[in-house]
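Overview (structure and organization)
One letter stands for each residue in the lines below.
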Amino acid sequence: MTRPFAKAILIFMPDIKANLESVLQRISRAAFSAGKNPQEIKLVAVTKNVPVDIIEQAIQAGITDIGENRVQEAEPKIDILKAKYPNVTWHMVGHLQRNKVRQALDYFDIIQSVDSVRLAREIQAKAEAKVVPVLVEINTSGEETKYGIPVNSIVDFLKTVLSFNNLSVQGLMTIAPLVDDPQKARPYFRKLKTLSEEIKKLNLPNVEMKYLSMGMTDDFEVAIEEGSNMVRLGRAIFGQRPPKR
Ligand SMILES: *Cc1c(COP(=O)(O)O)cnc(C)c1O
């Protein structure tokens, strides 16, 4: 028997605490199977389309890092939540338009989605006295629909960005292609890990490879097995995204 009403409640009132517990267990299991300490894997809760009261439940359940993908949607939420929870770290994870950089720098603590020299230059210009932690988004699949620096341009990119002293490159980020089986995402995660190892060897000043941000709801365990230490999870914590309000 289907019960549409009960189902609607489940979708719109997710049990955040239970979801989070189960996610943390899955992260631990994947970490152990990769021979890693689960504590080293940072969980970023991605809250696009999630209302403030639900985000608040996640914070109360222990979430410390939150990702949003649109400046405009994030601003009013961050305004409310920063006042109450000043210690939360806010991650910009979506494509950032250059005309939104100033606002983004006011609201976010780290920009995970630096995907062009032009954007990096704009951040450099607008950061003023701040040093902005950034990750470089890499288009590991080469899909034309995806943002990100092509794998074979990353060294040139980093050499250009070296002189931008308002940016602190702390790692790489990627979005794997949508696939029916998470195993099929493995080569892209492996590629990002290899790339980060190659960049480390170059010893570029002002470039750290501290974070490998890869893995979302459908593929985070495979990503962790391949060396991810930062997973960005939306649906695994909040359930299917509710329609935009
Ligand atoms: C939405 C989003 C996520 C989270 O996606 P889920 O599949 O819901 O876990 C992670 N990263 C980025 C860049 C996103 O836009």
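Residues numbered from 1 in each chain as written. Predicted model: local features only at pLDDT ≥ 70, side-chain atom pairs only at ≥ 80, totals over all residues. Heavy atoms only, no water.

1. Re the pairing of strand E2 (residues 65–68)
The following threshold applies: Residue burial is assigned from relative accessible area. The probe radius is 1.4 Å, only protein chains are included, and a residue is buried under 20% of its type maximum, exposed over 50%, and partly exposed in between. Secondary structure elements follow DSSP: runs of H or I of four or more residues count as helices, runs of E of two or more count as strands, with numbering from the N terminus. Two strands qualify as a pair provided DSSP detects at least 2 bridges between them. Looking down the strands as they point away from the viewer, one classifies a crossover as right-handed if the path from the first strand across the helix to the second runs clockwise.
Residues Asp-65 and Gly-67 line one face of E2 and the alternating positions Ile-66 and Glu-68 line the opposite face, and both faces are buried. Across two bridges, the pairing between strand E1 (residues 42–46) and E2 is parallel. Bridging from a neighbouring strand, Val-46 pairs with Gly-67 of E2. Note that the unit made of E1, helix H3 (residues 52–60) and E2 has a crossover that is right-handed. Sheet topology note: the E2/strand E3 (residues 89–92) ladder contains four bridges and is parallel. Within E3, the residue paired with Glu-68 across the bridge is Met-92. In terms of handedness, the path from E2 via helix H4 (residues 71–84) over to E3 forms a crossover that is right-handed.

2. Structural notes on the packing of H3 against H4
Two quantities define a packed helix pair, namely the angle between the axes and the distance from one axis to the other. To keep things clear, this is the line we draw: In this analysis an axis means a line fitted to C-alpha atoms, helices contributing only their contacting stretch, and an angle means the value between N-to-C directions, from 0 to 180 degrees. What makes a crossing left-handed is the near helix being turned counterclockwise from the far one by less than a right angle; a clockwise turn instead makes it right-handed. Working rule for contacts: check all heavy atoms of both residues, and any pair within 4.5 Å makes them a contact. Under the scheme applied here, ten amino acids are nonpolar (Ala, Val, Leu, Ile, Met, Phe, Trp, Tyr, Cys and Pro), four are charged (Asp, Glu, Lys and Arg), and all others, including Gly, are polar.
Their axes nearest at 11 Å, the elements H3 and H4 cross at an angle of 35 degrees. The interaxial crossing formed by H3 with H4 has right-handed handedness. Of the residues in H4, those in contact with Val-52, Ile-55, Glu-56 and Ile-59 of H3 are Lys-77, Ile-80, Leu-81 and Lys-84. Partitioning the contact of H3 with H4 into residue classes produces five nonpolar, no polar and three charged.

3. A few points about the site of the ligand
Stated formally: By convention in these notes, a residue is near a molecule or strand provided one of its non-hydrogen atoms lies within 4 Å of it. Only the protein chains shown count as covering a residue, and every accessible area follows the Shrake-Rupley method with a 1.4 Å probe. A pocket here means an open set of points on a 1 Å grid, computed over the protein atoms alone, that has protein on both sides within 12 Å along at least five of seven lines. A cavity is instead a set of points where a 1.4 Å probe fits but cannot get out; residues with an atom within 4 Å of a point line either one. Cavity and pocket membership follows a simple rule, namely that a molecule belongs there if more than half of its atoms are within 2 Å of the grid points.
Around the ligand sit Val-46, Lys-48, Val-93, Ile-175, Met-216, Thr-217, Arg-232, Leu-233, Gly-234, Arg-235 and Arg-241, and that is every residue in its neighbourhood. About the coverage of the ligand: the protein hides 94% of its 390 Å² of free accessible area. Given that more than half its atoms are within 2 Å of the pocket grid, the ligand belongs to the largest pocket. Looking at the shell around the ligand residue by residue, the class counts come to five nonpolar, two polar and four charged.

4. Comments concerning the environment of Val-155
Summarising the element assignment, Val-155 is placed in helix H7 (residues 154–161). Taking the relative accessible area as the measure of exposure, Val-155 reaches 30% and is therefore partly exposed. It is 9.1 Å that separates the C-alpha atoms of Val-155 and Leu-202, two residues lying 47 residues apart in sequence.

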